Number of protein chains: 2
Amino acid sequence: MVALDFRVRGRFVSSVVGCIVRMVVKLHGAAFAACPRRVAACLYEKNVEFELVNVDLFAGDHKKPEFLQLHPFGLVPVIQDCDLTFFESRAIIRYYAEKYAGQGTDLLGKSLEDRATIEQWLEVEAHYFNEPAFSLAFQVLYAEKLGQEPDLNVIKSSEEKLTKVLDVYEERLSKSKYLGGEFFSLADLSHLPFAHYLINDSGKGYLFHDRKHVSAWWEDISSRPSWKKVLEL
Amino acid sequence: MVALDFRVRGRFVSSVVGCIVRMVVKLHGAAFAACPRRVAACLYEKNVEFELVNVDLFAGDHKKPEFLQLHPFGLVPVIQDCDLTFFESRAIIRYYAEKYAGQGTDLLGKSLEDRATIEQWLEVEAHYFNEPAFSLAFQVLYAEKLGQEPDLNVIKSSEEKLTKVLDVYEERLSKSKYLGGEFFSLADLSHLPFAHYLINDSGKGYLFHDRKHVSAWWEDISSRPSWKKVLEL
């Protein structure tokens, strides 16, 4: 960090000098974890160089005091970018989509009304899709590894919830190519990590493939170079 | 709706003419319901005139086919504003905070970094605070009215989760006046509906009042004229 104090347009810019020297964004997380993957996909779409700082989740490193200084709830991801340190994957992807609006893929649309539609479907992902997708993937993929009996009631109810959500998506995607409109956006990107878990790791691909438009949408968004790079991390 | 077709800067503006004639934003919801209240608080802060279109939730009007045309998941609120119809309260408050950035209270800060911090705490509200607050308020306020026995395990676990969340808030608010920084923002506003249920209707005020900075924060944000107007709706 270069410690220089001078003014540009009346503001001290020592931190900016530090940024220029450090350059690379630090993404604290784990390559297999869903929420860091969401952020990585966004950074690849926006051509933002970053370094993945591995947090050993199985060793509980995210619950240790030094990590709790970065994230008081002890979860991943956390971003360190110059003087800005913050967490929550969907806050992070909004920040980079807006900060680099003119660089890489446009992920927020051209107008406030575009963004409103994108934000609506991003909230649908966060509040309708995410919970049953997480619960289902956790029960199928991790419960036994953690010494728990998979909860069949949770599996059943999660699948029922996802069925309803994906029926709404099928209707939406019969009318527009992507959730947020005719272009790929944060609303689609945010689905990649858990949809991947369900389709490729949990044997639940039929939930997607049995729906014509959802299936085509998934083939499209999961074929993007950004997502392929995430899976190679 | 005035049907005129002409061009401004190359774009048809018949819908804009319709907007000028209609003017008032329609907020579909119910005056007592948390998520419509979140939107109403934002609209008051931004001095945006609106009309509350009552949806009779006890009669199940939100599950009827005509309402499902507006909101495929059958929930409130829904906004109709000129040609834009959309749902999800946190998408709606982001839209109005940005659309009327220079009008009423600034709810998104002055820089992208301000907004990143606000978005982080808005996500904390949505993903850490909201679920236990909803579950606790539902069990205490509505379970018996709906003929269910209140689930004591849910009450206990929700209170435990909220205790941890509010401990993090106490630490944060010991360092900054509001969650998003030194100014009131969407991050604070978004807490008003469920915190009000817990404190004023569910007998859980001690969760807030036992924490010095959380208590002062609540007294501050719940005293805002916008929130008082919401409660008078």
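The rules behind these values
- Chains are numbered independently. Their residues run from 1 in the order of the written sequence.
- The lettering of chains begins at A and the numbering of ligands begins at 1, in the order of writing.
- With the structure being a predicted model, the display of local features is reserved for residues of pLDDT at least 70 and the display and counting of side-chain atom pairs for 80 or more, all residues being used for whole-chain, interface and lining totals.
- Water and hydrogen atoms were dropped before computing side-chain values, which therefore reflect all heavy atoms in the structure.
- Runs of H or I in DSSP of at least four residues are treated as helices and runs of E of at least two as strands, each being numbered from the N terminus.
- In this scheme, a residue with accessible area under 20% of its type's maximum is buried, one over 50% is exposed, and one in between is partly exposed, where area comes from a 1.4 Å probe on protein chains only.
- Copies are brought into register by a least-squares superposition over C-alpha atoms of residues with pLDDT of at least 70 in both.
- By definition, residues are in contact when any of their heavy atoms lie within 4.5 Å.
- Pairing of aromatic rings covers Phe, Tyr and Trp, the last counted by its six-membered ring, and requires centre-to-centre distances within 6.5 Å; plane angles under 30 degrees mean stacked, over 60 mean edge-to-face, and any other angle means tilted.
- Cation placement over rings: the criterion is NZ of Lys or CZ of Arg within 6 Å of the ring centroid and within 35° of the ring normal.
- Domains are outlined according to an automatic or database domain assignment.
- Buried area is calculated as the accessible area (1.4 Å probe) missing from two parts once they are joined, with the contributions of both summed.
- Strands are labelled as partners when DSSP assigns at least two bridges between them.
- Only C-alpha atoms enter the line fits that serve as axes; for helices the fit covers just the stretch in contact. Angles between N-to-C directions range over 0 to 180 degrees.
- Throughout this description, any angle smaller than 35 degrees is read as roughly parallel, any larger than 145 degrees as roughly antiparallel, any in the 65 to 115 degree range as roughly perpendicular, and the remainder as oblique.
- One speaks of a salt bridge when a side-chain nitrogen belonging to Lys or Arg is within 4 Å of a carboxyl oxygen belonging to Asp or Glu.
- Two N or O atoms form a polar contact when they lie within 3.5 Å of each other; inside protein one atom must be a possible hydrogen donor and the other a possible acceptor, and for residues adjacent in sequence the pair counts only when both atoms belong to side chains.

## Observations concerning unusual backbone geometry
Right, on to step 1. Here the bond from Val76 of chain A into Pro77 of chain A is cis, since omega is 10°, no more than 30 degrees from zero.
Right, on to step 2. At Asn47 of chain B, a position not held by glycine, the phi torsion is positive, near 55°.
Right, on to step 3. If you trace the backbone, Asn47 of chain B turns up in the loop between helix H2 (34-45) and strand S4 (50-54).
Right, on to step 4. Here the phi dihedral of Glu88 of chain B falls at roughly 85°; this positive angle occurs in a residue that is not glycine.
Right, on to step 5. Counting through the fold element by element, Glu88 of chain B comes out in the loop between strand S6 (84-87) and helix H4 (89-99).
Right, on to step 6. A relative accessible area of 9% means that Glu88 of chain B is categorised as buried.

## Some remarks on the relation of the copies chain B and chain A
Put simply, the second copy of the chain is the first one after a rotation about an axis and a shift along it.
Right, on to step 1. Mapping chain B onto chain A leaves a residual RMSD of 0.0 Å; the transformation is a rotation of 180° accompanied by 0.0 Å of translation along its axis. These values place the two chain copies in the arrangement generated by a two-fold rotation axis.
Right, on to step 2. Interface residue correspondence from chain B to chain A reaches 100%, placing this contact among same-surface, isologous pairings.

## Some details on the packing of aromatic side chains
Right, on to step 1. The final tally for this structure, using the stated rule, is 30 aromatic pairs over all chains.
Right, on to step 2. With a centroid separation of 6.3 Å and an interplanar angle of 20°, the aromatic rings of Phe129 of chain A and Tyr169 of chain A are classed as stacked. Of this pair, Phe129 of chain A sits in helix H5 (residues 112-142) while Tyr169 of chain A sits in helix H6 (residues 152-173), and the two are 40 residues apart along the sequence.
Right, on to step 3. Looking at Arg224 of chain B, its charged tip hangs above the ring of Phe184 of chain B, at a distance of 3.8 Å from the centre.

## What about the domain arrangement of chain A?
All names here are of chain A.
Right, on to step 1. Looking at the assigned domains, one finds that chain A contains domain 1 (7-99) and domain 2 (112-224).
Right, on to step 2. Contacts between domain 1 and domain 2 engage 13 residues on the former and 17 residues on the latter.
Right, on to step 3. In total, about 1,300 Å² of surface goes out of reach between domain 1 and domain 2, with carbon and sulfur atoms giving 57% of it.
Right, on to step 4. Three residues stand out in domain 1 for area buried against domain 2, namely Arg38, Arg90 and Arg94, and they jointly supply 41% of the buried area on that side.

## Thoughts on the sheet that holds strand S3 (residues 25-29) of chain B
Residue and element names in this part refer to chain B.
Right, on to step 1. Strand order in the open sheet formed by four strands is S4-S3-S5-S6, with mixed pairing between adjacent strands. Only two strands of the sheet have a single neighbouring strand rather than two, namely S4 and S6. Neighbour-to-neighbour, the strand axes of the sheet open up by a mean angle of 20°, direction not taken into account.
Right, on to step 2. Docked against the sheet, H2 engages S3, S4 and strand S5 (78-81), running at close to 155° with respect to S3.

## Notes on the packing of H2 of chain B against helix H8 (residues 192-201) of chain B
Residues and elements named next belong to chain B.
Right, on to step 1. Here H2 crosses H8 at 125°, and the two axes come no closer than 8 Å. In terms of orientation, H2 lies oblique with respect to H8. Within the contact between the two elements, H2 uses Ala34, Arg37 and Arg38 and H8 uses Pro193, Phe194, His196 and Tyr197.

## Looking at the interface of chain B and chain A
Right, on to step 1. On the chain A side, the residues contacting the 28 residues of chain B number 28 residues.
Right, on to step 2. Our count for the chain B to chain A interface comes out at four salt bridges.
Right, on to step 3. Note that Arg94 of chain B is salt-bridged to Glu119 of chain A, the shortest N-O span being 3.8 Å.
Right, on to step 4. Here chain B is connected to chain A by eight residue pairs in polar contact (both at pLDDT 80 or more).

## Regarding the sheet that holds strand S6 (residues 84-87) of chain A
Residue and element names in this part refer to chain A.
Right, on to step 1. Spatially, four strands are ordered S4-S3-S5-S6 in an open sheet, and the strand pairing comes out mixed. Sheet topology places strand S4 (50-54) and S6 at the edges, where each strand pairs with a single neighbour. Across the sheet, the mean angle separating the axes of adjacent strands is 20° when strand polarity is ignored.
Right, on to step 2. Sheet contacts for helix H2 (residues 34-45): strand S3 (25-29), S4 and strand S5 (78-81); angle to S3, the most-contacted strand, approximately 155°.
Right, on to step 3. Across the sheet, helix H4 (residues 89-99) is in contact with S3, S5 and S6; its angle to S6 comes to roughly 135°.

## Focus: the environment of Gln69 of chain A
All names here are of chain A.
Right, on to step 1. Topologically, Gln69 is positioned in the loop between helix H3 (65-68) and S5.
Right, on to step 2. Given the relative accessible area of 69%, Gln69 is considered exposed.
Right, on to step 3. Separated by 151 residues in sequence, Gln69 and Asp220 have C-alpha atoms that sit 39 Å apart.

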